[in-house]
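Structural features, examined
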Amino acid sequence: MTTATSNPDVGHSTTAGKDKWLRVYRQMVRIRLFEEQVNELYTRALMPGLAHLYSGEEAVAVGICEALRIDDYITSTHRGHGHCLAKGASPDRMFAELLGKEAGYCRGKGGSMHIADPATGNLGANAIVGGSVGIATGAAFAAKRLGSGRVAVCFFGEGALGQGSLYEVMNLAQLWKLPVIYVCENNLYNEYTHYSETTAGTILGRATAFGIEALKVDGQDVRAVNEVATGLVTRARVDGGPAFLQADTYRYSGHHVGDINREYYRSKQEEQHWKSERDPIQLHAHWMITQGYADPASLDLTTAEVRAEMEAAVKFAVDAPYPSVDQVEQDVYA
Ligand SMILES: Cc1ncc(C[n+]2csc(CCOP(=O)(O)OP(=O)(O)O)c2C)c(N)n1
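Presented here is an overview of the structure given in this document. (Residues numbered from 1 in each chain as written. Predicted model: local features only at pLDDT ≥ 70, side-chain atom pairs only at ≥ 80, totals over all residues. Heavy atoms only, no water.)

Topic: the pattern of salt bridges
A complete count under the given rule lists 16 salt bridges for this structure. Here Arg30 makes a salt bridge to Glu309, at a shortest N to O gap of 2.8 Å. Of this pair, Arg30 sits in helix H1 (residues 18-43) while Glu309 sits in helix H11 (residues 296-319), and the two are 279 residues apart along the sequence. A relative accessible area of 11% means that Arg30 is categorised as buried. Across the pair Asp218 and Arg278 runs a salt bridge whose closest N-O atoms are separated by 2.7 Å. Taken together, the residues span a long stretch of sequence, with Asp218 in strand E6 (residues 213-218) and Arg278 in the loop between helix H9 (268-277) and helix H10 (280-291) at a distance of 60 residues. Residue Asp218 is classed as buried on the basis of its relative accessible area of 13%. You can call Arg278 partly exposed: its relative accessible area is 22%. Each of Arg32, Glu58 and Asp279 takes part in a single network of salt bridges with overlapping partners. (Salt bridge = Lys/Arg side-chain N within 4 Å of Asp/Glu carboxyl O. Helix = DSSP H or I, 4+ residues; strand = E, 2+ residues; numbered from the N terminus. Buried < 20%, exposed > 50% of the residue type's maximum accessible area, 1.4 Å probe, protein only.)

A few points about a nonpolar patch on the surface
Together, Phe141, Leu172, Leu175 and Trp176 line one region of the surface with nonpolar side chains, adding up to about 390 Å² of accessible area. If you trace the backbone, Leu172 turns up in helix H6 (residues 164-175). (Patch = residues over 30% accessible without salt bridge, like charges linked within 9 Å, V, L, I, M, F, W, Y side chains within 5 Å. Areas by Shrake-Rupley, 256 points an atom, 1.4 Å probe, with all protein chains shown as cover.)

Focus: the nonpolar core
The biggest cluster of nonpolar side chains holds 64 residues, and the ones touching the most others in it are Val38, Ile64, Met94, Phe95, Val153, Phe155 and Met288. The dominant element in this core, judged by the number of residues it contributes, is H1, at 10 residues. Not counting residues within four places of it along the chain, the set of residues in contact with Phe95 comprises Phe34, Gln37, Val38, Leu41, Met310, Ala313, Val314 and Ala317. Judged by nonpolar contacts, the second largest core, of 24 residues, contains Ala139, Ala140, Ala160 and Leu178. (Core = buried A, V, L, I, M, F, W, Y, C linked by side-chain atoms within 4.5 Å. Contact = heavy atoms within 4.5 Å.)

Let's talk about the environment of Val24
Structurally, Val24 is set in helix H1. Classification of Val24 as buried rests on a relative accessible area of 1%. With 80 residues separating them along the chain, Val24 and Gly104 place their C-alpha atoms 25 Å apart. For Val24, the contacting residues outside a window of four places in its chain are Val62, Glu66, Val222 and His284.

Comments concerning the side chain of Glu158
By the secondary structure assignment, Glu158 is in the loop between strand E2 (152-157) and H6. In this structure Glu158 is buried but unpaired, with Arg251 as the nearest side chain of opposite charge at 7.4 Å. In terms of polar contacts, Glu158 uses its side chain to reach the side chain of Asn190, at 2.6 Å. Those residues within four positions of Glu158 in sequence are excluded, and the remaining contacts are Cys184, Glu185, Asn186, Asn187, Leu188, Tyr189, Asn190, Tyr195 and Ile203. (Lys, Arg positive; Asp, Glu negative; His and termini not counted. Polar contact = N/O pair within 3.5 Å; in protein donor to acceptor, adjacent residues only side chain to side chain.)

Observations concerning the pairing of E2
Among the 6 residues in E2, 5 count as buried, and that is most of the element. Sheet topology note: the strand E1 (residues 73-75)/E2 ladder contains 3 bridges and is parallel. Note on E2: the bridge partner recorded for Thr75 is Cys154. Read from E2 through H6 to strand E3 (residues 180-186), the crossover connection turns out right-handed. (Pairing = 2+ DSSP bridges. Right-handed = clockwise from strand over helix to strand, strands pointing away.)

Quick word on the site of the ligand
Around the ligand, a shell composed of 15 residues is seen, among which His78, Arg79, Ala127, Gly159 and Tyr189 lie nearest. Measuring from a nitrogen atom of the ligand, one finds a backbone N or O atom of Ala127 at 2.9 Å. Within the complex, the protein chains bury 73% of what would otherwise be the 580 Å² of accessible surface of the ligand. Split into classes, the residues belonging to the shell around the ligand amount to 5 nonpolar, 7 polar and 3 charged. (Near = heavy atom within 4 Å. Nonpolar A, V, L, I, M, F, W, Y, C, P; charged D, E, K, R; others polar.)

Description of the sheet that holds E6
What the 5 strands build is an open sheet, ordered E1-E2-E3-E7-E6; its pairing is parallel. Only two strands of the sheet have a single neighbouring strand rather than two, namely E1 and E6. Strand-to-strand twist in this sheet, taken as the mean axis angle between neighbours without regard to direction, amounts to 20°. Judged from the 6 bridges that link them, E3 and strand E7 (residues 243-248) form a sheet pairing that is parallel. In the strand pairing of E7, Ile181 is matched with Ala243. Strands in contact with H6 are E2, E3 and E7; relative to E3, the strand with the most contacts, it is inclined by about 145°. Packed on one face of the sheet, helix H8 (residues 222-237) meets E3, E6 and E7 and runs near 160° to E6. (Axes fitted to C-alpha atoms, helices over the stretch in contact; angles between N-to-C directions.)

Dropping the structure here:
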């Protein structure tokens, strides 16, 4: 099995428009700068609890969500900000959720790890590792029964490969030919342990055991991710059944914002290598410049615009009111 990468020479200028790749670039920058603000909120002690940053992995969420319709479903993880933004969530309501404010997506009761946005097909992030595999598969089951043509994408980290529920749902998905795509974001580490210490056999072998179409992609290459995802989404939509995509990637920060000293489980050189040689935003920027789609000044302008957007969103959230005390028991079902 080889890892799918985009061809730098052929370019995609003939098959996809400049606007699409500029949008993709902006979306990745939005995720990166959203996360910068999250870290800032944490260090300034404005955000209760912790958050798990997605920086470094942007090409996976953006490349895949760019292949989806707004009414397609996604489910996400504890590291879910990138998935939410890529599917269309708005940063002001996300920041409000992180700060526990009523304007947040879950009225401030969910926090960073539980953002859901039904209007954009986002069925929710989930703090339980592997916790959303059944939700995504159930959504795909409903889509098939209703004939809605919708597809469900289930994002999870390679740590979820140890969860038995994944194998129960993959079995059913393949038996019933459900329109679900399992996206395993392999960022190499389950918390503070390299995945090779927790994962026997191969990652793709877990899907091929069920006869599920399984592919691997360079998760730092947004065009490659988008190309593979487009194929799998089209296939799922025309009743081609489930698929499994392993996206190889890397998280730049610690497991969570408080994981500062990481040298006992990974080296600074390794982090530096990914940041300087494999950064998805830089790689895409370079390609767009070579295609004549952008120049350094226009990309700087995009960054400045996104930074202003994120600063305004943080201000909205900081100024927003907390829910009133009488709402404590509303929407609580357990
Ligand atoms: C069922 C369950 N077990 C353990 C945990 C604690 N935990 C939180 S994140 C994590 C590691 C997840 O690694 P991975 O799935 O690879 O995602 P990543 O953090 O790398 O994005 C663990 C063990 C949990 N949240 N849920």
